Amino acid sequence: MDVVLLGTGSPIPNPTRAGPATLVKAGGVNLLFDAGRGVIMRLAGAGVAPQMVSAVLLTHMHSDHICDLNDVITSHWIMSQGPAALRIYGPKGAKALVDATLAMLAFDVGYRIDHHADLNDPPKVEVTELSPGDVFNVDGCEISAHRTDHSPVFPTLGYRVTRGGVTAAIAGDTIPCPDLDAMCLGADVYVQTVIRQDLVKRVPSQRFQDILDYHSTVEQAAETAERAGVKTLMLTHYVPPIAPGQEEEWRALAQAHFSGAVVLGDDLTSVSVAETA
């Protein structure tokens, strides 16, 4: 199983970091978690063409996590040879989001159908809305949905993916909570979006300060990983963006609270875990 940080950015525009998105590759299955800005380009960088995406799994509907969902839908549709459904999973509200996205794409869809003789139908998207505790299978990957806490954003989900004896826990934006601990329990890899509380507090903006109460800090993510007995902690969605040369400073903050491996870095940073079953 390969876990790839496709986009390590945040709502803050950054020239080198795409928006939040994580890829899990396992046995020919490509699971895309969230679809932030630039996700299609980062998928290409990871060697995954749009039509190779097995399913999209949304953690929540904050704009930075979904703003390029339209590009995923369009590119999957255009580049598939023949009719192919794109499976999208997410919390309650995902169907309304996809319906609105398809409505936004109506002009483009019409133009392309008019132009291409072999393109006769609009994008086919199969949306499944999930609740915490739901368990499902995508092409041999067992996936469970878990409640997270990004209040007042509601509902939000994290996902636990298992294949071949390897487990990855993918959390979106959340503060520590018992459900997150349960999702991460014994995971080989745990991916968590994080902020640096000390740096955020230096910015004289109330709107920026507001993010402190609904994101995990680097230290909190490490504490979650330690409680859950995780093997590898992957940090992403860095707020503020990691400046060149700051990587070891961020890593040290996590290592002070977590005895396992800490992975962070640029877009397309990845971890591979050999399947055991």
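Provided above is the structure to which this section pertains.
Residues numbered from 1 in each chain as written. Predicted model: local features only at pLDDT ≥ 70, side-chain atom pairs only at ≥ 80, totals over all residues. Heavy atoms only, no water.

Quick word on the sheet that holds strand 13 (residues 261-263)
Read across the sheet, seven strands follow the order 7-8-9-10-11-12-13 without closing on themselves; strand pairing throughout is mixed. Either end of the sheet is taken by a strand with one partner, and the two such strands are strand 7 (135-138) and strand 13. Ignoring which end each strand starts from, the neighbouring axes of this sheet average 25° apart. Running over the sheet, helix 9 (residues 218-228) touches strand 11 (189-195) and strand 12 (232-239) and is turned about 160° from strand 11. (Pairing = 2+ DSSP bridges. Helix = DSSP H or I, 4+ residues; strand = E, 2+ residues; numbered from the N terminus. Axes fitted to C-alpha atoms, helices over the stretch in contact; angles between N-to-C directions. Contact = heavy atoms within 4.5 Å.)

Some points on the packing of aromatic side chains
Taken as a whole and assessed by the stated rule, the structure comprises four aromatic pairs. Looking at R196, its charged tip hangs above the ring of W250, at a distance of 5.2 Å from the centre. (Phe/Tyr/Trp six-rings, centres within 6.5 Å; stacked < 30°, edge-to-face > 60°. Lys NZ or Arg CZ within 6 Å of the ring centre and 35° of its normal.)

Some words on the environment of L69
Residue position: L69 is located in helix 3 (residues 69-79). The exposure class of L69 is buried, given its relative accessible area of 1%. Sequence separation between L69 and P241 is 172 residues, and the spatial gap between their C-alpha atoms is 23 Å. Not counting residues up to four positions away in its chain, the partners in contact with L69 are A35, V56, L58, I88, L97 and V98. (Buried < 20%, exposed > 50% of the residue type's maximum accessible area, 1.4 Å probe, protein only.)

Thoughts on the packing of helix 3 against helix 4 (residues 94-104)
Angle between the axes and distance between the axes: these two values describe a pair of packed helices. At a minimum axis distance of 10 Å, the contact between helix 3 and helix 4 shows a crossing angle of 65°. When the axis of helix 3 is compared with that of helix 4, the two are roughly perpendicular. You can see that helix 3 and helix 4 cross each other, and the crossing is right-handed. Together, L69, N70 and I73 of helix 3 and L97, V98, T101, L102 and M104 of helix 4 make up the contact between the two elements. Its residues assigned to classes, the contact of helix 3 with helix 4 comprises six nonpolar, two polar and no charged. (Parallel < 35°, antiparallel > 145°, perpendicular 65-115°, else oblique. Left-handed = near helix turned anticlockwise from the far one by under 90°. Nonpolar A, V, L, I, M, F, W, Y, C, P; charged D, E, K, R; others polar.)

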